[in-house]
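Chains, contacts and geometry: an overview
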Amino acid sequence: MKSPVDALREKVASETDELLGTERVLTAIIGTVISANLHWLARPLVRLARWQFRDQPIGLRKEQDKKPRPTGPFVVNPGHECALLLFVPRSLKSHFIDDLTGAYGYSHVAVDAGELDALTRKPIMTEATLSDVVHRSFQDEYGDRPYVRVLLGSLRVDCSALRKCVEDKLGEPYSDKEALTWGAIDDPVKEICSDLAANCLPEHVRTDIVRAHDRREVRPYAVSVHRTGRRQPKVFVSPNGFAEYFGAPPGRNIHEPNLVVQPNGPFSEESARSHPRLAPQEVFFVLVMTLFASLLIGVLVRRQHDLE
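Figured I'd write up the structure that's included with this text. Each chain carries its own residue numbering, running from 1 in the written order of its sequence. Reporting in this predicted model follows two pLDDT cut-offs: at least 70 for local features of residues, and 80 or more for side-chain atom pairs to be given and counted; totals over whole chains, interfaces and linings ignore these cut-offs and use all residues. Side-chain measures here rest on the full set of heavy atoms in the structure, leaving out hydrogens and waters.

1. A word on the overall build of the protein
Our working definition: For the purposes of this entry, the term helix denotes a DSSP run of H or I that reaches at least four residues, the term strand denotes a run of E that reaches at least two, and both are numbered from the N terminus. For every residue, the accessible area obtained with a 1.4 Å probe (protein chains only) is divided by the maximum for its type, and the residue is called buried under 20%, exposed over 50%, and partly exposed between those limits. In what follows, residue pairs with any heavy atoms lying within 4.5 Å of each other are defined as contacts. Note on areas: these come from Shrake-Rupley sampling with a 1.4 Å probe, and a residue is covered only by the protein chains present in the view.
Secondary structure summary: the protein contains 10 helices and 10 strands in total. The buried share of the protein, taken over its 308 residues, is 41%. Sequence-distant contacts in the protein: of pairs separated by 6 or more residues, those separated by 24 or more amount to 68%. When the accessible surface of the protein is split by element, carbon and sulfur atoms take 58% of a total near 18100 Å².

2. Points about the pairing of strand 5 (residues 124-127)
Using the following cut-off: Paired strands are those between which DSSP finds at least two bridges.
Alternating residues of strand 5 divide into I124 and T126 and M125 and E127, and every residue in both groups is buried. Relative to strand 6 (residues 135-138), strand 5 runs antiparallel, the two being bridged by four bridges. What sits directly across from T126, in strand 6, is R136.

3. Points about the state of the cysteines
Condition: In this description, the term disulfide denotes a pair of cysteine sulfurs within 2.5 Å.
According to the stated counting rule, one finds two disulfides in the structure shown. Each disulfide pairs two cysteine sulfurs, and for C165 the partner residue is C200, the sulfurs being separated by 2.0 Å. Across the S-S bond of C165 and C200 the torsion is about -75°, and the bridge reads as left-handed. Residue C165 is found in helix 4 (residues 159-168), and its partner C200 is found in helix 6 (residues 193-200); the two are separated by 35 residues along the sequence.

4. Some words on the pattern of salt bridges
The cut-off we apply is this: Salt bridge criterion: a side-chain nitrogen from Lys or Arg within 4 Å of a carboxyl oxygen from Asp or Glu.
Under the counting rule described, the total for this entry stands at 10 salt bridges. Across the pair R149 and D112 runs a salt bridge whose closest N-O atoms are separated by 2.5 Å. You can see R149 sitting in strand 7 (residues 147-151) and its partner D112 sitting in strand 3 (residues 108-112), a full 37 residues away along the chain. With respect to burial, R149 and D112 carry one shared label: buried. Salt-bridge contacts for E115 lead to R136; the nearest nitrogen and oxygen are separated by 2.9 Å. Of this pair, E115 sits in strand 4 (residues 115-117) while R136 is found in strand 6, placing the two residues 21 residues apart along the sequence. The exposure class of E115 is buried, given its relative accessible area of 7%. Among the charged side chains, a network of salt bridges with common partners joins E115, R136 and E167.

5. Observations regarding helix 8 (residues 239-246)
The buried fraction of helix 8 is high, at eight of eight residues. Of the residues making up helix 8, those classed as buried are P239, N240, G241, F242, A243, E244, Y245 and F246. Positive phi appears at G247, one or two residues downstream of helix 8, with a value of about 85°.

6. Description of the packing of helix 4 against helix 6
Heads up, the rule is: Each axis is a line fitted through C-alpha atoms, taken for helices only over the stretch in contact, and angles between the N-to-C directions span 0 to 180 degrees. Relative orientations are named as follows: roughly parallel for angles under 35 degrees, roughly antiparallel for angles over 145 degrees, roughly perpendicular for angles from 65 to 115 degrees, and oblique for any other angle. Definitions for this section: a left-handed crossing has its near helix turned counterclockwise from the far helix by less than a right angle. A right-handed crossing has that turn clockwise.
Contact geometry for helix 4 and helix 6: axes closest at 9 Å, N-to-C directions at 140°. Taken as axis vectors, helix 4 and helix 6 run oblique relative to one another. Crossing hand, helix 4 versus helix 6: right-handed. Taking contact as the criterion, the partners of L162, C165 and V166 in helix 4 are, on helix 6, L196, N199 and C200.

7. What about the packing of aromatic side chains?
For clarity, the threshold we go by: For Phe, Tyr and Trp, where Trp contributes only its six-membered ring, two rings pair if their centres lie within 6.5 Å, and the inter-plane angle classes them as stacked under 30 degrees, edge-to-face over 60, or tilted in between. The criterion for a charge sitting over a ring is simple: Lys NZ or Arg CZ within 6 Å of the ring centre, and within 35 degrees of the ring normal.
Within the structure shown, the criterion is met by five aromatic pairs. Their ring planes at 65° and their centres at 5.0 Å tell us that Y245 and F246 sit as a pair that is edge-to-face. Its relative accessible area of 14% is what places Y245 among the buried residues. Counting every residue linked through ring pairs, the aromatic cluster contains F87, Y142 and Y147. Between K122 and the ring centre of F138, over which it is positioned, the NZ or CZ distance is 4.3 Å. One cation-aromatic arrangement involves R136 over F74; the distance from NZ or CZ to the ring centre is 4.2 Å.

Structure (structure tokens):
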């Protein structure tokens, strides 16, 4: 006779298998609809699935599905240009992430800091994944999953500084609260994939992303800026936010791994530090409001003088 513990273990395993099977079916259906360019139908399906699985863990990986991770030693590939790797949705969980952050077609980001596994000479990326810690993975971890490679050389990113930054975060656990609040709750000893990338980019790049958000050049929820109670704004950049800001094509147009993307336009630290210029209509509005305020102050001063 089975013990209650063994019976419970088998029940959890069977329910997990059923959940994963249902998830795979839904993922296949959503992927087929997107491939057929029926995006008007895909989004309702994703949102229906989000409601259906609202009380269930999504995206669990069985031990046999996990690939071995690189253990080192690691070497630096000389002359390699560092990059962000932006992945399109593949699982149901990743479709949820895409839908919640603007639906531009991306759900995960990893950092290529120019490292190679010394034994196999395979390229390495650093990433943070759900229910895990910041870790190194081989860049072929996700097989033929489509992704874009955003080169960072034109952004004047110091690759050695980027590499040191992500190395310092290895082993930090995934931050569920930060993911659920679009970065409003920031635990400095925990990370999510997009925060790992954003925090290791230079300040001038993050500042320009904030300006792009303020100018509404990226879609809502793709980038969130939190200013309340902070001396400096805290920016949360989702994979969709990175993709749209850097000028990557929508994820639905990416069908193969490692599509190289050069960021939009030349970017320099000096231009990032300069003050943004107001548009002509904004200048006119400021002048009108200044004139109106001056007239109002004049009227109030004269009325106060007449009362005296």
